Amino acid sequence: GEKNKNDVMAEAFRTMRTNLQFLMNKTQGKVIMFTSTISGEGKTFIASNLAVSTVLLGKKVLLVGCDIRRPRLAEVFNFDNTRQGLTSYLAADEKQVSMLDSFIIPSNIVEGLDLLPAGIVPPNPAELLSGSNLDTAMDYLRTKYDYIILDAAPVGLVADSMIVSRVADIVAYVTRLH
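Residue positions are given per chain, counting from 1 as you read along its sequence in written order. For this predicted model, a pLDDT threshold of at least 70 governs which residues receive local features, and a threshold of 80 or more governs which side-chain atom pairs are given and counted, while totals over whole chains, interfaces and linings are taken from all residues. To obtain the side-chain values, all non-hydrogen atoms of the structure were included, while hydrogens and water were left out.

A. Representation of helix H7 (residues 132–142). Throughout, exposure labels follow a simple rule: accessible area from a 1.4 Å probe, protein chains only, divided by the maximum for the residue type, with under 20% read as buried, over 50% as exposed, and the rest as partly exposed. Under the scheme used here, helices are H or I runs from DSSP no shorter than 4 residues and strands are E runs no shorter than 2 residues, and both carry numbers assigned from the N terminus. Buried within H7 we find Asn133, Leu134, Ala137, Met138, Tyr140 and Leu141. Here the buried residues of H7 occupy an arc of 160° about the axis, which is enough to place them on one side. It is the directions from the helix axis to the C-beta atoms whose arc is reported.

What follows is the structure, given as structure tokens:
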């Protein structure tokens, strides 16, 4: 049955959460980036479920849409994909780091889980992600959350995730067994 399947899934996320916490404790880290080789391997699903699982420990978690070419968080959490987000800050004047607060929305799934949508798809994704604004944003967000989970682009097609990985403490690589 369905309940048994859900129990197995919940246990899998608890195990992953425990393993990641163990790694994080060793590095004093709090930023986990999820990527994969190609689209459709389940990285957004896994990042989202890990975020929910971590909140259940009483942690404050931010899930960030870092796949700024093909944002997927709007589908999972049912919000308008045209809303401003990370890209608005990345393209803005560096001094306005507090503008990020106006882009962060509650997940409406569980208390303590916030979302920072990718934002409007820009014409220059790699350049935006390469700029110092991403580092400034992460430094600021690290002070506000226990954990930050980055849902990044697949690495097979574009360099974006390699660029984003510099702000992550741990990179989790998702593959699907066929």
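B. Structural context of the pattern of salt bridges. The working definition used for a salt bridge is a side-chain nitrogen of Lys or Arg within 4 Å of a carboxyl oxygen of Asp or Glu. In this structure the tally under the stated criterion is eight salt bridges. A salt bridge links Asp160 to Arg69, with the nearest nitrogen and oxygen atoms 2.6 Å apart. Here the residue Asp160 occupies a position in helix H8 (residues 160–164), and Arg69 occupies one in the loop between strand S2 (61–65) and helix H3 (73–77), the gap between them amounting to 91 residues. Classification of Asp160 as buried rests on a relative accessible area of 1%. Since its relative accessible area comes to 34%, Arg69 is described here as partly exposed. The partner of Asp169 in a salt bridge is Arg142, and the shortest N-O contact between them spans 3.1 Å. Within this pair, whereas Asp169 is found in the loop between H8 and strand S6 (170–174), its partner Arg142 is found in helix H7, the two being separated by 27 residues in sequence. Since its relative accessible area comes to 31%, Asp169 is described here as partly exposed.

C. Structural view of unusual backbone geometry. Even without being a glycine, Asn78 presents a positive backbone phi close to 60°. Tracing the chain through its elements places Asn78 in the loop between H3 and helix H4 (86–90). The exposure class assigned to Asn78 is exposed, which follows from its relative accessible area of 72%. Positive phi values are uncommon outside glycine, yet Asn108 reaches one of about 60°. Here Asn108 shows up in the loop between strand S3 (105–106) and strand S4 (113–116).

D. Fine view of the sheet that holds S4. If DSSP finds at least two bridges between two strands, the strands pair. Pairing is mixed in the open sheet, where six strands are placed in the order S3-S4-S2-S5-S1-S6. Bordering the open sheet on either side are S3 and S6, each of which pairs with just one other strand. Across the sheet, helix H2 (residues 43–55) touches strand S1 (31–36), S2, S4, strand S5 (147–151) and S6, and the angle it forms with S1 is around 155°. We call two residues in contact whenever any of their non-hydrogen atoms come within 4.5 Å of each other. To define axes, lines are fitted to C-alpha atoms, for helices over the stretch in contact only, and angles between the resulting N-to-C directions are given on a 0 to 180 degree scale.

E. Region of the structure containing the pairing of S2. In terms of residue burial, S2 counts as a mostly covered element, since five of its five residues are buried. Because side chains alternate across S2, one face comprises the buried residues Val61, Leu63 and Gly65, and the other comprises Leu62 and Val64, equally buried. With five bridges connecting them, S2 and S5 associate as parallel partners. Across the sheet, the residue bridging to Leu63 is Ile149, located in S5.

F. Spatial organisation of the pairing of S4. Here S4 shows two buried faces, one formed by Leu113 and Leu115 and the other by Asp114 and Leu116. Here four bridges tie S2 to S4, and the two strands are oriented parallel to one another. Residue Leu63 lies in a different strand from S4, and its bridge partner there is Leu115. Judged from the two bridges that link them, S3 and S4 form a sheet pairing that is antiparallel. Opposite Pro106, over in S4, you have Asp114 as the bridge partner. Turn length for the S3-S4 hairpin, with the two strands adjacent in sequence and antiparallel, is six residues, and the turn residue Asn108 shows positive phi of about 60°.

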